[in-house]
Amino acid sequence: MNTNNPSTHTHTTRDYMALEEQYGAHNYHPLPVVLHRGEDIYVWDVEGKRYFDFLSSYSAVNQGHCHPRIVRALKEQADMLCLTSRAFYSDALCEYEEYMHQFFGYDRILPMNTGAEGVETALKLARRWGVVKKGIPNDRVKVICCEGNFHGRTVTVITMSNDPSSFDKYGPLTPGFIRIPYNDTEALRRVLEEQADEICAFIAEPIQGEAGVYVPDDGYLKSCYDLCHAHHVLLIADEVQTGIARTGRMLCSEHDGVRPDIVILGKALGGGVLPVSACLADDEIMLNIMPGEHGSTFGGFPLAARVAVEALRVVQDEHLVDNAQRMGEIFRDEVRRIQSPFIAQVRGRGLLNAIVTTPVAGRTAWDLCIRMMEKGLLAKPTHDHIIRFAPPLTITEPALRQAIEIIRETFEEMSR
């Protein structure tokens, strides 16, 4: 591996940042680094500096940057056929659908592109099931969701959020949602007992990622599943970020021994090279949508189908579930040993972890991330005071321990 990567760019980091400032929408606040190349657990900026990537594009790069097998699958399919639309069958899609059935054990897959599209699809599947199978009047169907959730940015999805930065000033939002506290089965029980006749589904993240890697109590999802089924309500697991081995299980729901009625996948399903998402469900739920009633021009397009199959094969062949579990335990054990007034809590599962920080002498989580960036590690705050740490699942123990040393040095130096 060429760790020096001498840059041939004539523009500097400041030059590129100025271009985005002038011509791009101001809907993100990135760290001041401009990335040019990636390989496995590393990325390089336009000036040739190498960094550990401890964000993994919000867990979309579980298999590592530019994994050669996934890139090869993309190139081979691109030379053959890129896009057909769903007006026709494609061999790649048909084989992908069979593979997903065998891999996850659900009767059917509905392929989409982004995680938010996957969530929208799951909501439509659940609402349609509620009307057709449960007999809820069409204008009275409700879905239960959780406070602190992050399911995406579409207008319907932001209706579920209680974060004003997601939903404020976007006009009339979509009706039909009931929001309850996360990790509170009694709140779920009360709502179900009062309104189950009009509720089609409960949607939850097995771990709330954007909320700061909020890990619920053991057995929470299982209790929710049991309550939902007792009241003839579907459980939807949003595994867009927690799925595909990130938490030390193929699906995070497996920690509680739960098989959700609908599973939403995305991010790492595309192997870090394409947006690929999917909803998984059995016939009773999936077959209520008929031809022409839902779709996407790019949903399940041949490139995505080939990439997704190879992305999952890489996860299996390289034993990334086991690696995420083992490396995650090392990460949490070592970080909990760091002596720093900044650290209020360390939490996580597998390689989805977070440090909850307390400001010290006016220094914040953002300042810590800037210092780690200067030392060669990229992570980013969420909710101002929480830093999420989620490297590619291919990380080795020696590399992990090098990265932990950067984190340790940063917290200890900034504490002085």
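Along each chain, the written sequence defines residue order, and numbers are assigned to residues from 1. Only residues with pLDDT of at least 70 are given local features in this predicted model, and only at 80 or more are side-chain atom pairs given and counted; all residues enter the totals for whole chains, interfaces and linings. Computation of side-chain values covers all heavy atoms of the structure but excludes hydrogens and water.

**Quick notes on the sheet that holds strand β14 (residues 380-382)**
Next up, step 1: DSSP-based pairing: two strands are paired if at least 2 bridges between them are found. Working definition: helices are DSSP H or I runs of at least four residues, strands are E runs of at least two. Numbering for both runs from the N terminus. Overall, antiparallel pairing links the four strands, which are arranged β11-β12-β15-β14 in an open sheet. Only two strands of the sheet have a single partner each, and these edge strands are β11 (343-349) and β14. With direction set aside, neighbouring strand axes in the sheet form an average angle of 30°.
Next up, step 2: Pairing geometry for strand β12 (residues 352-357) and strand β15 (residues 386-389), over four bridges, is antiparallel. Bridging from a neighbouring strand, Val356 pairs with Ile386 of β15.
Next up, step 3: Packing of helix α12 (residues 320-335) onto the sheet brings it into contact with β11, β12 and β15, and relative to β11 it is tilted by some 170°.
Next up, step 4: Seen against the sheet, helix α13 (residues 365-375) touches β12, β14 and β15 and runs at an angle of roughly 35° to β15. For helices, the axis comes from a line fit to the C-alpha atoms of the stretch in contact; other axes are also lines fit to C-alpha atoms, and the angle between any two N-to-C directions lies between 0 and 180 degrees. When checking whether two residues touch, look at their non-hydrogen atoms; a contact exists if any pair is within 4.5 Å.

**Digging into the sheet that holds strand β5 (residues 142-146)**
Next up, step 1: Strand order in this open sheet of seven strands is β4-β10-β9-β8-β7-β5-β6, and the pairing throughout is mixed. Every interior strand has two partners, whereas the edge strands, β4 (108-112) and β6 (177-180), have only one. This sheet shows a mean twist of 20° between the axes of neighbouring strands, independent of strand direction.
Next up, step 2: Here three bridges tie β5 to strand β7 (residues 199-204), and the two strands are oriented parallel to one another. Looking at the pairing, Val143 lines up with Ala201 of β7.

**Quick word on α13**
Next up, step 1: Listing the buried residues of α13 in full gives Ala365, Leu368, Cys369, Ile370, Met372 and Met373.
Next up, step 2: Here the buried face of α13 lies against β3 (50-53), β12, β13 (377-378), β14, β15 and α14 (397-414).
Next up, step 3: Gly376 occupies a position one or two residues after α13 and carries a positive phi of about 105°. Exposure categories follow from relative accessible area, calculated using a 1.4 Å probe and restricted to protein chains: below 20% of the type maximum is buried, above 50% is exposed, and the middle band is partly exposed.

**Some points on the nonpolar core**
Next up, step 1: With 77 residues, the main nonpolar core has Phe54, Tyr96, Phe104, Leu269, Leu377 and Phe389 as its most contacted residues.
Next up, step 2: Considering every element that reaches this core, the biggest residue donor is helix α11 (residues 302-317), with 10 residues.
Next up, step 3: Apart from the residues within four sequence positions on either side, Phe54 is in contact with Phe331, Leu377, Leu378, Ala379, Arg388, Phe389, Ala390, Pro391, Ile395, Leu400 and Ala403. By nonpolar core is meant a set of buried Ala, Val, Leu, Ile, Met, Phe, Trp, Tyr and Cys residues that side-chain atoms within 4.5 Å join together.

**Digging into the packing of aromatic side chains**
Each aromatic ring pair is characterised by the separation of its centres together with the angle its planes make.
Next up, step 1: Only the six-membered ring of Trp is used, alongside the rings of Phe and Tyr, when aromatic pairs are assigned; centres must lie within 6.5 Å, and planes under 30 degrees apart are stacked while those over 60 apart are edge-to-face, with the rest tilted. Within the structure shown, the criterion is met by 12 aromatic pairs.
Next up, step 2: Look at Phe52 and Phe54: their rings are 6.4 Å apart centre to centre, the planes differ by 85°, and that puts the pair in the edge-to-face class.
Next up, step 3: Each ring, one from Phe342 and one from Phe411, has its centre 6.3 Å from the other, and the planes form 85°; the classification is edge-to-face. Of the two residues, Phe342 is situated in the loop between α12 and β11 and Phe411 in helix α14; the sequence distance between them amounts to 69 residues. In this structure, Phe342 and Phe411 share a single accessibility class: buried.
Next up, step 4: Among the aromatic residues, ring-to-ring pairing joins Tyr42, Trp44, Phe52, Phe54, Phe331 and Phe389 into one connected group.

**Considerations on the packing of α12 against α14**
Next up, step 1: Orientation of α12 relative to α14, taken along the N-to-C sense of each, is 25°, at an axis distance of 11 Å. In terms of axis orientation, α12 runs roughly parallel to α14. Read as a crossing pair, α12 and α14 show a hand that is right-handed. Two secondary-structure elements touch here, α12 through Met327, Ile330, Phe331 and Glu334 and α14 through Glu397, Leu400, Arg401, Ile404, Ile407 and Arg408. When describing relative orientation, an angle under 35 degrees is termed roughly parallel and one over 145 degrees roughly antiparallel, while 65 to 115 degrees is termed roughly perpendicular and anything else oblique. By convention, the crossing between two helices is left-handed when the near helix turns anticlockwise from the far helix through less than a right angle, and right-handed when the turn is clockwise.

In short, shape yes, function no, at least from these values alone.
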